[in-house]
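These are the residues of each chain, in order.
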Amino acid sequence: MTKDPLPIHGSTALVLGPRGTAYDVLREAFESVGVKLVPQQATFAPSRRPARSPSLRPGGPPLAAPAESPSTSGPSTGPSGRHAESTHRTSLLDGQTLPAGALVDDTGGQDVAVPDICCALLTGTAVLDSATPSAPLPRRALSRIAAAMADRGSGRMILVLDGAGGLHTGVPADEAAARAADLAWWRQLAARLSRHGVLANQIRVGVAPCLSHRPGPQRTAAVLRHLPLRRVAQPADLAAAVLHLASEGCTYTVAETIPVDGGMGLTMVPPLRPSRARTDSTEPFDQSRGGADLFDLRGRHCLVVGGSSGIGREAALELARRGADVTVVARREREILAVAHEISALGRRAEAVRQDVSELDALEPLVDRLWSAARIDALVYATGLCEPEAPEDQPALRERTLDVNYRGYVTLADALVRRWAHDRRGGAVVAIGSAGAGFVPGLESYAASKAALIQHTRSLAVSGGRHRIRANCVQPGLISTPMADASAHEGFQDAWLARIPQGRAGLPGDVAPLVAYLASDASAYVTGAVLHVDGGLALGGLPPLAGNGGLA
């Protein structure tokens, strides 16, 4: 493993939320990687240096946070004279330029640097019988921090909320409405911040004693029956998700939610007959609260399919940087030998295997051979075929596309799942989908194959959970790869970029850290997730409107 495989963005963090176990979990997580916490009572004061334009990119839109609701944006109750000053500082809320800020401690007036990372706790949902009621999101404080980070041109903002997503009749209507409004406000803020070097995302946690959830034994058992991973969330699960979003590698994920919930969002229907596999929620769980060590992949063997270039290549190298031995499978022998050489240079064991995954009959014997040499702990399926369809060759292209993008994946995954279930040591599957599949003309077969891959992955999460098998999907957006560049036509990238809040195309290196997170124990309570790395494309907004009412 190379030195510091999980570099964190900056050296200071601020956690906004009630003191308690959740706060302590985040504090210990940051301390485990050398990040210092800023006092909670810190607030903003106007900077002594001139303000600069918050538009950090040529032609970029000004940073303007969504307006606050009266219920969450009341006047400051700080020391005398602060109210008028607060009104000036939060001019970001009505779309005006906010002066560059510094933090100041209310108790002593000592300047503190703007934090590199800000975490907000929006926890206490009634549906999980939280002992601590949910408080409104501190929008005013978050807006000040966001503006200062944007002025600086860098930062990470993380919202931690609890629940299961979706609609639950056990939640009071007022709480559900307030949560929905807060989350919508946060996502709007995240989209606006993304062009200014500030990445804002969310973590949704399921049943978690560390978040003061007290549903009782019977209600807990009832919830666990609907989870593929039948245990409650541990402090290390939350800590590791926070560290991933706070890392330097998390550069192209915008307003995305990591579900640290054991697959709660899959709405799994419990099996009619009890499983023979152990499902006791009190099964020993050996994670420490810090979570930083869970990203270490030493002693693990990862199989990366499609590792000759693009996302697969970067994923293979990132896994090796975190300590994994890697087998790279692809058609192009020279390219995979070069990748294997780079992995070996990192001090890890590497093997290059030339194989066309559309040759389905050869895949099971391939797994047999690799397994006999060393157990495979994770599968990363990053290969893909994307070609525009012409009527004359559509049937043949459709079959080949399905073979490469779906059937090859299923064949390899099934072969590994059988072995993982047999030795009861678990495993991880990470499938690479495509955020663009489905709305690009002429790619019907490609879209269908990726949709099948995603649904198979989510179904695998449901059926494999009892065997400690996790399966997740990564959805890249516009990524500069040989396949994407070859399929692009004039104006194609411009049309994409107009719908990406971050305003840029991604790189394979933007995707690789998420792949490594999902392949490691850091994501031990994440399964069935479809996570976007797309600069905010999945938010689904229209391109910016031009002054004449048309689309820019």
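Residues numbered from 1 in each chain as written. Predicted model: local features only at pLDDT ≥ 70, side-chain atom pairs only at ≥ 80, totals over all residues. Heavy atoms only, no water.

Colleague: I'm lost on helix H4 (residues 173–193) in this one. Help?
Modeller: Three- or four-residue spacings in an α-helix give side chains the same orientation, since the helix completes a turn every 3.6 residues. For H4, built from 21 residues, the straight-helix expectation of 30 Å at 1.5 Å per residue is met to within 8% by its first-to-last C-alpha distance of 30 Å. Along H4, the residues that are buried comprise Glu175, Arg179, Asp182, Trp185, Trp186, Leu189, Ala190, Ala191 and Leu193. Next to the buried residues of H4 lie strand S6 (117–122), helix H3 (139–152), strand S7 (155–162) and strand S8 (198–205). (Helix = DSSP H or I, 4+ residues; strand = E, 2+ residues; numbered from the N terminus. Expected span 1.5 Å × (residues − 1). Buried < 20%, exposed > 50% of the residue type's maximum accessible area, 1.4 Å probe, protein only. Contact = heavy atoms within 4.5 Å.)

Colleague: What's the story with the pairing of S6 in this structure? I'm lost.
Modeller: In the case of a regular strand, side chains alternate between the two sheet surfaces. Of all the six residues making up S6, six are buried; the element is thus mostly covered by neighbouring parts of the structure. Note that strand S1 (residues 12–16) and S6 share four bridges and pair parallel. From the neighbouring strand, Val15 faces S6, where its bridge partner is Cys119. Bridge count between S6 and S7: six bridges; the pairing is parallel. Paired with Cys118 across the bridge in S7 is Met157. For the segment spanning S6, H3 and S7, crossover handedness is right-handed. (Pairing = 2+ DSSP bridges. Right-handed = clockwise from strand over helix to strand, strands pointing away.)

Colleague: Whenever I open this one, the environment of Ala524 confuses me. Can you help?
Modeller: By the secondary structure assignment, Ala524 is in the loop between helix H14 (508–519) and strand S16 (530–533). The class of Ala524 is buried, set by a relative accessible area of 16%. Separated by 288 residues in sequence, Ala524 and Ala236 place their C-alpha atoms 9.3 Å apart.

Colleague: Can you help me understand the sheet that holds strand S12 (residues 350–354) in this one?
Modeller: In sheet architecture, strand pairing relies on hydrogen bonds along the backbone and comes in two forms, parallel and antiparallel. Overall, parallel pairing links the seven strands, which are arranged S12-S11-S10-S13-S14-S15-S16 in an open sheet. Of all strands in the sheet, those bounded by a partner on one side alone are S12 and S16. Each adjacent strand pair in this sheet contributes to an overall mean axis angle of 15°, direction not counted. The pairing of strand S11 (residues 325–330) with S12 spans five bridges and is classified as parallel. By the bridge assignment for S12, Thr327 is matched with Glu351. Those strands touched by helix H8 (residues 333–345) are S11 and S12, and its axis lies near 170° from that of S12. (Axes fitted to C-alpha atoms, helices over the stretch in contact; angles between N-to-C directions.)

Colleague: Before we go on, may I ask you to explain the packing of aromatic side chains in this structure?
Modeller: Two descriptors summarise a pair of aromatic rings, namely the distance from one centre to the other and the angle between the planes of the rings. For the coordinates displayed, the defined rule picks out two aromatic pairs. Relative to Tyr409, the ring of Tyr381 has its centre 5.3 Å away and its plane inclined at 55°; by these criteria the two rings are tilted. Placement of Tyr381 in strand S13 (residues 378–381) and of Tyr409 in helix H10 (residues 394–423) is noted, with a sequence separation of 28 residues between them. Accessibility classification places Tyr381 together with Tyr409 in one group, the buried group. (Phe/Tyr/Trp six-rings, centres within 6.5 Å; stacked < 30°, edge-to-face > 60°.)

Colleague: Where do I start with the sheet that holds S6 in this structure?
Modeller: A sheet is described by the order of its strands in space; here six strands give the open sequence S2-S1-S6-S7-S8-S9, paired in parallel fashion. At either end of the open sheet lies a strand with only one pairing partner, and these are strand S2 (36–37) and strand S9 (257–260). Note: S1 against S2, two bridges, orientation parallel. Residue Thr12 lies in a different strand from S2, and its bridge partner there is Lys36. Across the sheet, H4 touches S6, S7 and S8, and the angle it forms with S8 is around 150°. Sheet strands touched by helix H6 (residues 235–245): S6, S7, S8 and S9. Its angle to S8, the strand with the most contacts, is close to 165°.

Colleague: Explanation requested: the pattern of salt bridges in the structure shown.
Modeller: Any two side chains of opposite charge can pair, given that their charged atoms come close. Across all of its chains, the model carries 27 salt bridges by this definition. Of the charged contacts, one joins Glu399 and Arg407 as a salt bridge, the two residues approaching to 3.2 Å between their closest N and O atoms. The partly exposed category is assigned to Glu399, whose relative accessible area is 40%. Across the salt bridge formed by Asp403 and Arg407, the nearest N and O atoms sit 2.8 Å from each other. Here Arg407 and Asp403 lie together in helix H10, a separation of four residues that amounts to about one turn. Look at the salt bridges and you will find they share partners, linking Asp24, Arg27, Glu28 and Glu31 into a network. (Salt bridge = Lys/Arg side-chain N within 4 Å of Asp/Glu carboxyl O.)

Colleague: Looking at this model, I keep getting lost on H14. Mind explaining?
Modeller: Taking 1.5 Å as the rise per residue, H14 with twelve residues should run 16 Å; its terminal C-alpha atoms sit 17 Å apart, in good agreement. The buried fraction of H14 amounts to eleven of the twelve residues, a majority that puts the element mostly inside the structure.

Colleague: Hey, could you run me through the nonpolar core in this one?
Modeller: Soluble globular proteins tend to bury their nonpolar side chains together. Core analysis: the largest hydrophobic core is formed by 93 residues, its most contacted members being Phe30 and Leu319. The dominant element in this core, judged by the number of residues it contributes, is H6, at eight residues. The residues contacting Phe30, other than those within four sequence positions of it, are Ala13, Val15, Val35, Leu37, Ile117, Cys119, Val242, Leu243 and Ala246. By size, the runner-up hydrophobic cluster in this structure holds 33 residues, among which are Val329, Val429, Ala431 and Leu460. (Core = buried A, V, L, I, M, F, W, Y, C linked by side-chain atoms within 4.5 Å.)

Colleague: Help me out: how do you make sense of the packing of helix H7 (residues 310–321) against H8 in this one?
Modeller: For any two helices packed against each other, one specifies the inter-axial angle together with the distance between the axes. One can describe the packing of H7 onto H8 by two numbers: an axis separation of 9 Å at closest approach and a directional angle of 20°. Judged on the interaxial angle alone, H8 and H7 are roughly parallel. Relative to H8, the crossing made by H7 is right-handed. In contact with Arg313, Ala316, Leu317 and Ala320 of H7, H8 contributes Val339, Glu342 and Ile343. Counted by class, the contact of H7 with H8 contains five nonpolar, no polar and two charged residues. (Parallel < 35°, antiparallel > 145°, perpendicular 65-115°, else oblique. Left-handed = near helix turned anticlockwise from the far one by under 90°. Nonpolar A, V, L, I, M, F, W, Y, C, P; charged D, E, K, R; others polar.)

Note that all results are geometric; they support no functional claim without further evidence.
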